[in-house]
Amino acid sequence: MSATKLPVGVWADQAGIAQAARVIADGGTVAVPTETVYGLAARADSDEAVAGIYRAKGRPDFNPLIVHVPDLAAAERLALVDDRARALAQAFWPGALTMVLPRRADAGLAAAVSAGLPTVALRCPAHGVMQALLRESGLPLAAPSANRSGGVSPTTAAHVAQSLGARVDLILDGGASEQGIESTIVGLRDDGSWAILRPGPIEQARIAAVLGDHAGAMTSDARGIEAPGQLASHYAPGKPVRLDAAAAEADEFHIGFGAVAGDVNLSETGDLAQAAARLYACLHAAAAAPKPRIAVAPVPQYGIGVAINDRLGRAAA
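Conventions and cut-offs
- Residues numbered from 1 in each chain as written.
- Predicted model: local features only at pLDDT ≥ 70, side-chain atom pairs only at ≥ 80, totals over all residues.
- Heavy atoms only, no water.
- Helix = DSSP H or I, 4+ residues; strand = E, 2+ residues; numbered from the N terminus.
- Rg over C-alpha atoms; globule rule 2.2 N^0.38 Å.
- Buried < 20%, exposed > 50% of the residue type's maximum accessible area, 1.4 Å probe, protein only.
- Expected span 1.5 Å × (residues − 1).
- Arc of directions from axis to C-beta.
- Pairing = 2+ DSSP bridges.
- Contact = heavy atoms within 4.5 Å.
- Polar contact = N/O pair within 3.5 Å; in protein donor to acceptor, adjacent residues only side chain to side chain.
- Salt bridge = Lys/Arg side-chain N within 4 Å of Asp/Glu carboxyl O.
- Axes fitted to C-alpha atoms, helices over the stretch in contact; angles between N-to-C directions.

A. View of the overall build of the protein chain. When helices and strands are counted, the protein chain shows nine helices and 14 strands. Taken over the C-alpha trace, the protein chain has a radius of gyration of 19 Å; the compact-globule value for 317 residues is 20 Å, and the two agree within 12%. Its C-alpha atoms give the protein chain principal-axis dimensions of about 60 × 50 × 30 Å. Looking at the 317 residues of the protein chain, the share that counts as buried comes to 56%.

If you want it as structure tokens, here you go:
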């Protein structure tokens, strides 16, 4: 299939979901909305289907994938789930939390989803369309963001079409993503320690509060790539990005925040949740603008601002 052709898009209604499940069953790829960003889904039990994700994205094969499941019971068939993981699932699933857990020997997953690691990243999404596709297909679905590797993540079906073209077999259009920033990833390790591997909508303090007596030790050590979204350069709009810019230079498209108006604004009221939801849409607008560089206003480094600044830092790398 030529990448110059337009992708096939359908509404994420009952008929569209049934069509998407057929594409998945046949080993194809489907772009599907989640509450965070659009994911590029394929059946996670097929080496060939997972290879289709890597081909479509141009993704490095050392970068693991998140496997989506409909519930905790499905996760327990794929990974070794301890009391810490159950406590986190009870608190945050379905939702924007991914857990990196020891992979079961009998999981039946394609080796490529773990990129050679003994672990698997699992998430139970809250979005109704993704849940419907999981249940209609009856399969665990590997689903990284539905864009070319290293580029700006998609929050609309149009973003997917612009980035992937006909590299994706089908796009389920379910409207704009609500949260607009990828899930928090926590690694739960065999030695009782844990680490935030990628900040996201669920903050570290909330995770620590839930773990309580199960928490073990929070670590910040670098162990190489353990989860998606850890590459130093990621979420890139294809132009130089300058951060903490209260004012833009003449050749810069300015992404504002709060009182810093900019050409577009993440949130005029300084609402960090709104800023997260609009982050990738603003980066897409900046990428499409004629100015050759991008400046971004300062964003506070607390709450979900930590995740926003993480993505901006990788976009600027």
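B. Quick look at helix α1 (residues 14-25). Its 12 residues place the ends of α1 17 Å apart at the C-alpha level, agreeing with the 16 Å of an ideal helix rising 1.5 Å per residue. By the burial criterion, the buried members of α1 are Gly16, Ile17, Ala20, Ala21, Val23 and Ile24. Angularly, the buried residues of α1 cover 160 degrees about the axis, an arc narrow enough to put them on a single face. Among the exposed residues of α1, those pointing more than 90 degrees away from its buried face are Gln14, Ala15 and Arg22.

C. Representation of the pairing of strand β12 (residues 252-256) in the model. Counting buried residues along β12, five of its five residues qualify, which places the element largely inside the surrounding structure. Of the two faces of β12, both are covered, the one formed by Glu252, His254 and Gly256 as well as the one formed by Phe253 and Ile255. Looking at chain direction, β12 and strand β14 (residues 293-296) are connected through four bridges and run parallel. When the sheet's bridge partners are listed, Glu252 is paired in β14 with Arg293. Across two bridges, the pairing between β12 and strand β13 (residues 264-265) is parallel.

D. Region of the structure containing the environment of Ala295. By the secondary structure assignment, Ala295 is in strand β14. Spatially, the C-alpha atom of Ala295 lies 9.8 Å from that of Ala316, the residues being 21 residues apart in sequence. Residues within four places of Ala295 in sequence aside, it is in contact with Arg242, Ala245, Ala248, Glu252, Phe253, His254 and Ile255.

E. Quick look at the side chain of Ser267. When you line up the elements, Ser267 lands in the loop between β13 and α8 (272-288). A distance of 2.8 Å separates the side chain of Ser267 from the backbone nitrogen of Asp271, its partner in a polar contact. Residues in contact with Ser267, not counting those within four places in the same chain, are Phe257, Gly258, Gln274 and Ala275.

F. The pairing of strand β9 (residues 184-188), seen in detail. Of all the five residues making up β9, five are buried; the element is thus mostly covered by neighbouring parts of the structure. Side chains of β9 alternate between two faces, with Thr184, Val186 and Leu188 and Ile185 and Gly187 buried alike. Bridge count between strand β5 (residues 97-102) and β9: four bridges; the pairing is parallel. Opposite Met99, over in β9, you have Val186 as the bridge partner. With four bridges connecting them, β9 and strand β10 (residues 194-198) associate as antiparallel partners.

G. Spotlight on the pattern of salt bridges. Considering all chains together, one arrives at 15 salt bridges under this definition. We note a salt bridge from Glu76 to Arg86, for which the minimum N-O separation is 3.1 Å. Residue Glu76 is found in helix α3 (residues 72-76), and its partner Arg86 is found in helix α4 (residues 83-92); the two are separated by 10 residues along the sequence. Taking the relative accessible area as the measure of exposure, Arg86 reaches 33% and is therefore partly exposed. Measuring nitrogen to oxygen at the nearest pair gives 2.7 Å for the salt bridge that ties Arg242 to Glu252.

H. A look at the sheet that holds strand β8 (residues 170-173). Taken in spatial order, the 10 strands line up as β1-β8-β2-β3-β7-β4-β6-β5-β9-β10 in an open sheet, and their pairing is mixed. The open sheet has two edge strands with one neighbour each: β1 (9-11) and β10. Alignment of strand β4 (residues 66-68) against strand β7 (residues 141-142), held across two bridges, turns out to be antiparallel. Each residue of the ladder has a partner; that of His68, found in β7, is Leu141. Running over the sheet, helix α6 (residues 157-164) touches β2 (30-32), β3 (39-43) and β8 and is turned about 160 degrees from β8. Docked against the sheet, helix α7 (residues 204-211) engages β5, β9 and β10, running at close to 150 degrees with respect to β10.

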